[in-house]
Amino acid sequence: MSDCEGFQFVSPFAFEAMQEVNVVRLAALSDPELRLLLPCLVRMALCAPADQSQTWAQDKKLILRLLSGVEAVNSIVALLSVDFHALEQDARKEQQLRHKPGVSNGDGILVSQLQHGLTLEFEHSDPLRRLRLVLSELLAIMNKVSDSNGEFFLKSSELFESPVYLEEVADVLCILQAELPSLLPIVDVAEALLHVRNGEWFLCLLVSNVPDSFNEVCRGLIKNGERQDEESPGGRRRTEALRQLCRMNPSQALNVRAMVVEQCHLPGLGVALTLDHTKTDAADDAVSNLVSFISGLLLGTNAKVRTWFGMFIRNGQQRKKESSSVLWQMRRQLLLELVAILPRSRSTHVPNDNEVDTEQPPSGYSGLREERVVKASALLRLYCALMGIAGLRPTDEEAEQLLQLMTSRPPATPAGVRFVSLSFCMLLAFSTLVSTPEQEQLTVMWLSWMIKEEEYFESAAGVTASFGEMLLLVAMYFHSNQLSAIIELVCSTLGMKIAIKPGSLSKMKTIFTQEIFTEQVVTAHAVRVPVTSNLSASITGFLPIHCIYQLLRSRAFTKHKVSIKDWIYKQLCETATPLHAQLLPLIDVYINSILTPASKASPEATNQPITEQEILNVFQGLTGGDGNRSRTRFSITSQLLVLYYILSYEEALLINTKSLALMQKKPKSYSAALMDQIPIKYLIRQARGLQQELGGLHSALLRLLATNYPHLCMVEDWICEEEVTGTVPLLRRILLPNNAKQYSQKQLHEAFQMVPSSPTRLMQILEHLSLLSASDLILYAEVLTSNMNQLLNPGIPRRVLQTVSNLWMVLNTVMPRRLWVMTVNALLPSIKLQRQQKYTQNDLMIDPLIVLRCDRRVYRCPPLMDITLHMLNGYLLASKAYLSAHLKETSDHDSKQSQTITSLGLTGPAEAPEVTREELKNALLAAQDSAAVQILLEVCMPNEEEKTKGCGSEPLPKSIHSSELKKDEPPKSLSSCTEGTGDSLLNNLREVQCLICCLLHQMFIADPNIAKLVHFQGYPRELLQLTVAGIPSMHICLDFIPELLAQPQLEKQIFAIQLLSYLCTQYALPKSLSVARLAISVMGTLLTVLTRAKRFTFFMPTLPCLVSFCQAFPPLYDDVTSLLVQIGQVCASDVATKASDMDPLVARLQQLKEKPHCDKPKVLGKHELRRERTNSDPDMQLCYRIEDTFMEIIHSTAVGV
């Protein structure tokens, strides 16, 4: 401020000496400097110190000696001899008095009516009155400050303005604040001093005499300051006062600047403090403190700070240019730094083409020095932030120098590549910097230099992502008019969000599309760009893959007939983890360009797919275990990406079948032989362990598998894989010694041949194989499966069978499809094994029932039956996917048919053929599933030998579950699979029945229509007890039993009632009760309509079911007994003339109905009963069956009671 010019301020040397109480340095001060510090020094010399050490005693003597020759010390000593306690009491009374209304300013306790002005009164007053005068004036200012509500004012005061008494008033002020700290807090005093003239001088003296209060005073002044300090006189006075404080204590200047940023107040002060401490290093090659500070404010993460400082820039530009303005000082300093790093040979003159050609490419004219490149990049980013975020409008001089810097040519270093990228993006973001034709010519020449030097920069700098890819990408965006993508690219490269209007890019678009990069040049150049080696997410920046992706999206390659297949294949082979985010979108858009033409006018304009041989090369050497797998040239990332390409291509081909047929275009599908050679399940398992590094690739592959290969996504396989890769198998493999004996495939084959006589050798090898990993087991897969038929011979120990089954399940986690084909062919009967051609994968998908055409001995070998059922379930799922795909592939026939009908002018239902084919497919699948279920149910029937031994005749427990019989737990005896004991529930037949029931349960849950179809077809009634007890989902039959009862065939009605009897016993539910009532009603209805022969056929097998109804639901007793009596009466009426003893029988039935709980009626003797039961008359037999039913109901009732 101008009112303090010429005043003596405390120097940094003196303030530091006061802070450290360095007596030696204080003694070196001049008299004017020492005069400013007398209040504090006198108090130190006179007051009793807290430090009683000898060192301080010596220092105190030095201070007294220093003060002895100063005349002003006596007046300060006189000030200290006043009674400050009484002074404080009067001051507080005066404060209370001033708060009362109606009290004039002249009335006071400290000072009464003044006869003269303050200056004269101060001159003629004793020390006490001087203290009272200054205290009264200071309190008045402080009260006015507190009442001003933040509005700035400048109070005129003689005491603080008279240059004659300034030092004496300062002495009084310092003594008052030191002796009355509670009455005069130093922060409040500092705030009051800002409102008087010479306030910053008084403030510096006050703080220098209390040096420990420096941070407290600065923080208080900043906290009470304005958000924008240059907008008001008060803000400018506050800023200047704080700058004076920081000049006095420069070591704390950066801390004060941090307080400014923390409070978001006084932005001009922060800039001013930075300018005060960066003028000395402006020519340094390092990034200056000013650039770092402002960049941190505008590019930091604190949005509040960014908005606050941006407002300072915008408001500062609205005022006229002032040399005293902090903003213009900052801009001038930045411009000086910018000019300082510009090449010396650089000028505003633009050389012609001949001058450019004579230059050497590496050096070029106007090259930036290598040590200044980083500083130049920081300056460019700062100006981008100032213009883009803070809204700075550059002057003509600033714009000219910026353009000169942007079009400079840095050395070929990574920092140089970064500088060129920043310059290019800044040119796009602020194209208004190019305003004259000369500047436009300069820009074009610089861009041409970028294109020419891109390869040299990339090779010399050793960077993967150079600025050449960015140029190419921007050119493609301009050609496709994707201006928003260019804006996003610019913001991403600059590292800041800038509001760029798309209209501002029109000039650069013209330069790019018409002068530098035409579309044909772009496509031709893109193919020649080398692929990125070991492309991964760790490689940042703009890469060739970004350019190729955009060109594929815009169909530039197909439009100009440029083949891109080889480039994409090479890039897929050059990948690593973590997966780059652009790879999957690249594959998707490449597949789309293969199948969908760029335009309908030229359907042949498509890209070529990757060949099958190229695909096989990627997977070569992958299926031979860990040892061979290490010889493959391609990473797991490349293999997974190629797998994703194949699956996505096949799915897209099926989805676009109709549209391709309309265009009469049929892209080639990959052969089934190729798919068979790719270890899909092994690759998925590898991807599962790399989910974090592969991003979304694992989930995308699972989605494609679930759609196209559902048999590879069975839940049982995932559960089995958890068991194979769990903790226990891992521990077992850890315990496997490194020098363990290795067995060859030949040794395993020989052990299989010797198994009937000596199974020990085979068991030893199998136990060793169980410790190997799944990938190492692949070597033994063929030997293991081809010798499975040896296990069907009698006398094979169960442990051998179970171990083979476990090894098969382990192999199933890595090579399921090839394993299934080998297993199916190995388990064929010996007669079929002689057929020269074996079944293929395609044969088994077309007809999954081939799996069940195995050797019949498999049906009584639970471990091998478990494998067979697993394969059957898989092939049933595969068949569904195969037929659905086949339906879509051949849909072009219907499209051609509909086109033919349309061309002939005929009309008809266009959807009819498709609906018919879909229905036929569903019917075929239903027939296939039901046939499999019927065959499996037939397997559950005991054969003649088992019937003789009694195997499988025992009823299943009511609540049997498949989990009760675990396949991993062998029976107590190690007997052969084909042998079983009839007196135990754990025989082979029962185990096979449990396995089959488990599979049927899964099938019924997956598709309840299969259960309905199978039960409408019917199956042996002997299996009803097994299916109801062994298949937990059989309760769904209650939904369609009423429909089954309504069928006209007696066999189906009988089957429905028998099935219902078991269901009622198993599931005593309200729904079962209602269906049972319906069945009894149906039986009563049929009694009235059936002929005599059909009546016998229907009621003989269904009458025993009434017993189950009554056992499950006792409320049905009345209905059942009424029905039995009706049937008996009908039968009695038919044979009344044939048998003389029918009346007594009917009487017994009537008696049973009326008095079911009385004494037992008279029954026939054994010989008489046998004679009557052997009667050949159907009605007589039916009557006896009725009587037996009655007796069973009564017996069950008695047992229940």
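In every chain, residue numbers begin from 1 and rise along the written sequence. Totals for whole chains, interfaces and linings use every residue, but because this is a predicted model, local features are given only for residues with pLDDT of at least 70 and side-chain atom pairs only at 80 or more, for both listing and counting. Note: side-chain values were computed over all heavy atoms of the structure, leaving out hydrogens and water.

Per an unreviewed UniProt entry, the recorded name for the protein is Integrator complex subunit 2, and the organism is Erpetoichthys calabaricus. UniProt positions are given in the numbering used here, feature names are shortened, and annotations may be inferred rather than shown by experiment. We quote the UniProt Subcellular location (unreviewed entry) comment for the protein here in full: "Nucleus".

(A) Region of the structure containing the overall build of the protein. Comment: elements are numbered from the N terminus, with helices defined as DSSP H or I runs of at least four residues and strands as E runs of at least two. When its secondary structure is counted, the protein shows 66 helices and zero strands. When a residue's accessible area, from a 1.4 Å probe over protein chains only, is under 20% of the maximum for its type it is buried; when over 50% it is exposed; and in between it is partly exposed. Burial status across the protein gives 52% buried among its 1201 residues. By definition in these notes, contact holds between two residues if any of their heavy atoms fall within 4.5 Å. Here the analysis covers contacts within the protein between residues at least 6 apart in sequence; of these, 76% occur between residues at least 24 apart. Computed by Shrake-Rupley with a 1.4 Å probe, the accessible areas treat only the displayed protein chains as cover when residues are assessed. Of the roughly 54400 Å² of accessible surface on the protein, 53% is carried by carbon and sulfur atoms.

(B) Broad picture of unusual backbone geometry. A cis amide bond links Thr577 to the next residue, Pro578, at an omega of -5°. With respect to the helices and strands, the residue Pro578 is situated in the loop between helix H32 (565–573) and helix H33 (583–595). If you check the backbone angles, Val21 has positive phi at about 50° while not being a glycine. Of note, Val21 is situated in the loop between helix H1 (12–20) and helix H2 (23–27).

(C) Local environment of the pattern of salt bridges. Here a salt bridge means any side-chain nitrogen of Lys or Arg lying within 4 Å of a carboxyl oxygen belonging to Asp or Glu. Per the counting criterion, the structure on display carries 31 salt bridges. With a shortest N-O distance of 2.7 Å, Glu191 and Arg238 are connected by a salt bridge. On the criterion of sequence distance, the pair formed by Glu191 in helix H12 (residues 186–193) and Arg238 in helix H15 (residues 233–248) is long-range, its members being 47 residues apart. For the residue pair Glu191 and Arg238, the accessibility class agrees, reading buried in each case. Connected through salt bridges with shared partners, the residues Glu16, Glu20 and Arg25 form a single ionic network.

(D) Just helix H7 (residues 84–98), in detail. Under the 1.5 Å per step criterion, the end-to-end length of H7 is 21 Å for 15 residues, consistent within 8% with the ideal 21 Å. Here H7 has its buried residues at Phe84, Leu87, Glu88, Asp90, Ala91 and Glu94. Buried residues of H7, seen end-on, are gathered within an arc of 165° and therefore sit on one face of the element. Pointing more than 90 degrees away from the buried face of H7 are the exposed residues His85 and Gln96. At its buried positions, H7 is contacted by helix H6 (73–80), helix H9 (127–147) and helix H11 (166–179). The backbone nitrogen of His85 lies 3.2 Å from a side-chain oxygen of the residue at the head of H7, namely Asp83. One less than the number of residues in a helix, times 1.5 Å, gives the span that helix is expected to have. Think of it as the arc spanned by the lines of direction from the helix axis to the C-beta atoms. Pairs of N or O atoms within 3.5 Å make up the polar contacts considered here, provided that, within protein, one atom can donate a hydrogen while the other can accept it, and that residues adjacent in sequence are counted only when both atoms are side-chain atoms.

(E) Geometry of the side chain of Asn143. Position of Asn143 relative to the elements: it lies in helix H9. Classification of Asn143 as buried rests on a relative accessible area of 16%. Apart from residues no more than four positions distant in its own chain, Asn143 is found in contact with Gln95 and Arg98.

(F) Expanded view of the environment of Asp1179. Mapped onto the secondary structure, Asp1179 falls in helix H66 (residues 1178–1200). On a C-alpha basis, the gap between Asp1179 and Val1130 in space is 9.0 Å, while along the polypeptide they are 49 residues apart. Asp1179 has contacts with Arg1092, Arg1095, Cys1131, Asp1134 and Val1135, leaving out every residue within four places of it along the chain.

(G) View of the packing of helix H34 (residues 612–619) against helix H36 (residues 636–655). Fitted lines through C-alpha atoms serve as axes, helices being fitted only where they are in contact, and the angles separating the N-to-C directions of these axes extend from 0 to 180 degrees. Between H34 and H36, whose axes approach to 9 Å, the crossing angle comes to 145°. In the packing of H34 onto H36, the handedness of the crossing is left-handed. Of H36, the residues touching H34 (which contributes Ile615, Val618 and Phe619) are Ser638, Gln639, Val642, Leu643, Tyr645 and Ile646. Here the term charged refers only to Asp, Glu, Lys and Arg, the term nonpolar to Ala, Val, Leu, Ile, Met, Phe, Trp, Tyr, Cys and Pro, and the term polar to all other amino acids, Gly among them. Broken down by class, the residue content of the contact of H34 with H36 amounts to seven nonpolar, two polar and no charged. In this scheme, a crossing is called left-handed if the near helix is turned counterclockwise away from the far one by less than a right angle; it is called right-handed if the turn is clockwise.

(H) Just the side chain of Asn812, in detail. Along the polypeptide, Asn812 turns up in helix H48 (residues 798–812). Judged by relative accessible area, Asn812 falls into the buried class, the value being 2%. A distance of 2.8 Å separates the side chain of Asn812 from the side chain of Trp820, its partner in a polar contact. Beyond its immediate chain neighbours, meaning those up to four positions away, Asn812 contacts Lys681, Asp717, Leu819, Trp820 and His870.

(I) Layout of the packing of aromatic side chains. Geometry of aromatic contacts follows a simple scheme: Phe, Tyr and Trp rings, the Trp one being its six-membered ring, pair when their centres are within 6.5 Å, and the pair is stacked under 30 degrees between planes, edge-to-face over 60, tilted otherwise. On inspection of all chains with the given rule, the structure shows 14 aromatic pairs. Centroid distance Tyr1019 to Phe1055: 5.1 Å. Interplanar angle 80°. Geometry classified as edge-to-face. You can see Tyr1019 sitting in the loop between helix H57 (1008–1017) and helix H58 (1024–1030) and its partner Phe1055 sitting in helix H60 (residues 1050–1066), a full 36 residues away along the chain. In this structure, Tyr1019 and Phe1055 share a single accessibility class: buried. Judged by centre distance (4.9 Å) and plane angle (85°), the rings of Phe1098 and Phe1099 are edge-to-face. Overall, Phe1099 belongs to the buried group, its relative accessible area being 0%. Taken together, the ring pairs connect Phe7, Phe160, Trp201 and Phe202 into an aromatic cluster.

(J) Quick look at the environment of Tyr682. With respect to the helices, strands and loops of the structure, Tyr682 is situated in helix H39 (residues 680–688). Once the C-alpha coordinates of Tyr682 and Asn812 are considered, the two residues, 130 residues apart in sequence, prove to be 9.5 Å apart.

(K) Layout of the confidence of the model for the protein. On average, residues of the protein carry a pLDDT of 81, and 82% of them reach 70 or more. For every residue, the pLDDT score states the predictor's confidence, bounded by 0 at the bottom and 100 at the top. Within the model, pLDDT remains below 50 along residues 347–365, and this stretch shows 22 contacts once partners closer than five positions in the same chain are excluded. Below a pLDDT of 50 lies the segment residues 1157–1172, which in the model reaches nine contacts outside its immediate sequence neighbourhood of four places, other chains included.

(L) Highlighting the environment of Ser744. Counting through the fold element by element, Ser744 comes out in the loop between helix H43 (727–735) and helix H44 (745–753). Classification of Ser744 by relative accessible area gives partly exposed; the value is 29%. Along the chain, Ser744 and Tyr780 lie 36 residues apart, while their C-alpha atoms are 8.2 Å from each other.

(M) Representation of H48 within the structure. Taking 1.5 Å of rise per residue, the 15 residues of H48 would be expected to cover 21 Å, and the 21 Å separating its terminal C-alpha atoms lies within 8% of that figure. Burial analysis of H48 places 13 of its 15 residues in the buried class, the great majority of the element.

(N) Representation of the packing of helix H24 (residues 414–429) against helix H26 (residues 467–479) in the model. Axis separation between H24 and H26 bottoms out at 9 Å; the angle between their running directions is 20°. What the angle tells us is that H24 and H26 run roughly parallel. For the pair H24 and H26, the crossing hand works out as right-handed. Facing H24, whose interface residues are Val417, Val420, Ser421, Phe424, Cys425 and Leu428, H26 presents Phe467, Met470, Leu471, Val474 and Phe478. Residues of the contact of H24 with H26, tallied by class, amount to 10 nonpolar, one polar and no charged. Our angle categories are set so that under 35 degrees counts as roughly parallel, over 145 as roughly antiparallel, 65 to 115 as roughly perpendicular, and the remainder as oblique.

(O) Spatial organisation of the nonpolar core. For this analysis, a nonpolar core means a set of buried residues of the types Ala, Val, Leu, Ile, Met, Phe, Trp, Tyr and Cys, connected via side-chain atoms within 4.5 Å. Within the largest apolar cluster, 382 residues are counted, with the highest numbers of intra-cluster contacts made by Leu245 and Tyr645. Setting aside residues no more than four positions away along its own chain, Tyr645 makes contact with Ile587, Tyr590, Ile591, Ile594, Pro609, Ile610, Ile615 and Tyr670.

(P) Region of interest: the state of the cysteines. Disulfides are defined as pairs of cysteine sulfur atoms found within 2.5 Å of each other. Applying the stated criterion across every chain yields a total of zero disulfides. Take Cys384: it sits in no disulfide, and the sulfur closest to it among the cysteines is that of Cys425, at 8.5 Å. With no disulfide of its own, Cys1105 lies 9.7 Å from the sulfur of Cys1064, the closest cysteine sulfur.

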